[in-house]
Amino acid sequence: MPRVVSRQNPRYREVARLVSSSRDRRKAGRCVLEGEHLIAVHLERIGLPDVVVVNEEALARASVAGLVARLPESRLVVVPRALFDGMGALPPDVGVIAVAPAPLPPSGPPGALCVLLEAIQDPGNVGTMLRTAAAFGASDAYLSRDCAFAWSPKALRAGQGAHFQLAIHEDADLVEVARAVRASGGRVVAAVAAGGLPLHEVPLTGRVAIAVGNEGAGLSGALRAAADAAATIPMPGGSESLNAAAAAAVVLYEAVRQRMAR
C-alpha cells in the first residue's frame, strides 16, 4: 500500500491544496469527500474517486480497513497522522478523505419533481435541502448562481450522500428553468413566508418544481412572477418564518403526501 511521508509529494500537495481552497475546488470541478460513509456512497453510485488519502492510524478501524480493501492501490495514499492533519481543517473523527470530480448533471428537461434553490448561502442548508429533496424523490435540484457551492465539504457532510442521488445543476437561471417546466406541461410553486395559499390547498401532483429562497430575502420578484402559484406553510404558533431547509422539507412532504393520496 503506497505510503507517503513527505509534504512535497505531488499527490499529497494536490489534495492538500483542494482541501484548503474552495476556489480551487470550484475551479477544478472537484469535491472533497470526508469520511468512509461519503466515499462508500460515491463508490456505489458513481465509481472510483481520483485519489483516497488515509490516516494510517485510522486503518485500525474496521470500517476504514473495509473501505480501503475495496480500492485499487493506484488510488490510495497512506500518510502519518501529522501529514493527514496538516492538509487543512478536517472534522476530528475523519480518518480518510477522497478527491473526486463533482458529477455533471445530464442534459434534458427537469424531472417530475424538482427543487429550485435561490440564493441559499449557507452550505449546510444547501446540503440539508439536497438530502431532503433526494429523500422525497426529487430528480433534479437547480441552484442559482448566488447559492453556496453544492460540492463544498460542509454541504457534502449535510447531504450525507444525497448529492449522488440527484442531478445537481449549479449556476442555473431559475426563471428560465421555471419557464421550461411550464412549457413541458408542469407547474412551478413558489414557497413564500406570507401571502400565498395555504400549502395543503396548492396542487403538488404531476410535474412540479418547488422554488425556495433564503430566510432573509425570500424569492426574487422575477422567480415568484414566473411561478404558477405561491404556497405558504400555516404556522399557528406565531413564528414569522421557518429555516429555509425546514420549509423545503415541509413542502416536499406535502408533495409526496398528495401523490400517495392519489
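The preceding data block contains the structure.
Residues numbered from 1 in each chain as written. Predicted model: local features only at pLDDT ≥ 70, side-chain atom pairs only at ≥ 80, totals over all residues. Heavy atoms only, no water.

**Observations concerning the pattern of salt bridges**
A complete count under the given rule lists 13 salt bridges for this structure. Between glutamate 56 and arginine 3 there is a salt bridge, with the nearest N and O atoms lying 2.8 Å from each other. Of this pair, glutamate 56 sits in the loop between β2 (51-55) and α4 (62-69) while arginine 3 sits in the segment before α1 (10-20), and the two are 53 residues apart along the sequence. The salt bridge involving lysine 154 is made with aspartate 122; its shortest N-O contact spans 3.3 Å. Here aspartate 122 lies in the loop between β5 (113-118) and α6 (123-135) and lysine 154 lies in helix α7 (residues 153-159), a separation of 32 residues in the sequence. Overall, lysine 154 belongs to the partly exposed group, its relative accessible area being 40%. Residue classification places aspartate 122 among the partly exposed positions, given a relative accessible area of 32%. One network of salt bridges, with partners in common, ties together Glu14, Arg17 and Asp24. (Salt bridge = Lys/Arg side-chain N within 4 Å of Asp/Glu carboxyl O. Helix = DSSP H or I, 4+ residues; strand = E, 2+ residues; numbered from the N terminus. Buried < 20%, exposed > 50% of the residue type's maximum accessible area, 1.4 Å probe, protein only.)

**Focus: the packing of helix α3 (residues 36-45) against α4**
As a packed pair, α3 and α4 sit with axes 10 Å apart at the nearest point and diverge in direction by 30°. Considered as vectors, α3 and α4 are oriented roughly parallel to each other. Helix-helix and strand crossings are classified by hand; for α3 and α4 the assignment is left-handed. The residues of α4 that touch α3, namely those facing Glu36, Ile39, Ala40 and Leu43, are Ser63, Val64 and Leu67. For the contact of α3 with α4, the residue count by class is five nonpolar, one polar and one charged. (Axes fitted to C-alpha atoms, helices over the stretch in contact; angles between N-to-C directions. Parallel < 35°, antiparallel > 145°, perpendicular 65-115°, else oblique. Left-handed = near helix turned anticlockwise from the far one by under 90°. Contact = heavy atoms within 4.5 Å. Nonpolar A, V, L, I, M, F, W, Y, C, P; charged D, E, K, R; others polar.)

**So, the sheet that holds strand β11 (residues 229-232)**
On the basis of which strands lie adjacent, the open sheet formed by seven strands has the order β7-β6-β5-β10-β8-β11-β9 and parallel pairing. Pairing within the sheet leaves two strands with one partner each, and these edge strands are β7 (167-172) and β9 (197-198). The pairing of strand β6 (residues 140-144) with β7 spans four bridges and is parallel. Bridge assignment links tyrosine 142 to a residue of β7, and that residue is histidine 169. Packed on one face of the sheet, α6 meets β5, β6, β7 and β10 (208-213) and runs near 170° to β5. Helix α8 (residues 174-183) contacts β5, β6, β7, β8 (187-191) and β10 of the sheet and is inclined by roughly 160° relative to β5. (Pairing = 2+ DSSP bridges.)

**Quick notes on the packing of aromatic side chains**
As enumerated under the stated definition, the model contains two aromatic pairs in all. Both rings, one in phenylalanine 136 and one in tyrosine 253, keep their centres 6.3 Å apart while their planes meet at 70°; by these two values the pair is edge-to-face. Here phenylalanine 136 is found in the loop between α6 and β6, whereas its partner tyrosine 253 is found in helix α10 (residues 244-261), with 117 residues between them in sequence. A relative accessible area of 26% means that phenylalanine 136 is categorised as partly exposed. For the ring pair tryptophan 151 and phenylalanine 164, a centre distance of 5.8 Å and an interplane angle of 35° mean the geometry is tilted. Residue tryptophan 151 is found in the loop between β6 and α7, and its partner phenylalanine 164 is found in the loop between α7 and β7; the two are separated by 13 residues along the sequence. Residue classification places tryptophan 151 among the buried residues on the basis of a relative accessible area of 3%. Overall, the relative accessible area of 8% leaves phenylalanine 164 in the buried class. (Phe/Tyr/Trp six-rings, centres within 6.5 Å; stacked < 30°, edge-to-face > 60°.)

**Quick notes on the sheet that holds strand β3 (residues 76-79)**
Reading across the sheet, the four strands line up as β1-β4-β2-β3 and stay open at both edges, with mixed pairing between neighbours. With one partner strand each, in any of the chains shown, β1 (30-34) and β3 form the two edges of the open sheet. The average angle at which neighbouring strand axes cross in this sheet is 20°, direction not considered. Note: β2 against strand β4 (residues 96-101), four bridges, orientation antiparallel. If you follow valine 51 over to β4, its bridge partner there is valine 99. Where α3 meets the sheet, its contacts fall on β1, β2 and β4, and the angle it forms with β4 comes to roughly 35°.

**Details of α1**
Taken residue by residue, α1 has Tyr12, Val15, Ala16, Leu18 and Val19 as its buried positions. Buried residues of α1 fall within an arc of 165° about the axis and therefore sit on the same side. Relative to its buried face, α1 has exposed residues pointing more than 90 degrees away, namely Pro10 and Ser20. In this structure, the buried side of α1 is in contact with α2 (22-28), β1, β2, β3, α5 (81-85) and β4. By the N-cap criterion, in which a side-chain oxygen at the helix start approaches the backbone nitrogen of a residue two or three places on, α1 is capped by asparagine 9, the distance to arginine 11 being 3.0 Å. (Arc of directions from axis to C-beta. Polar contact = N/O pair within 3.5 Å; in protein donor to acceptor, adjacent residues only side chain to side chain.)

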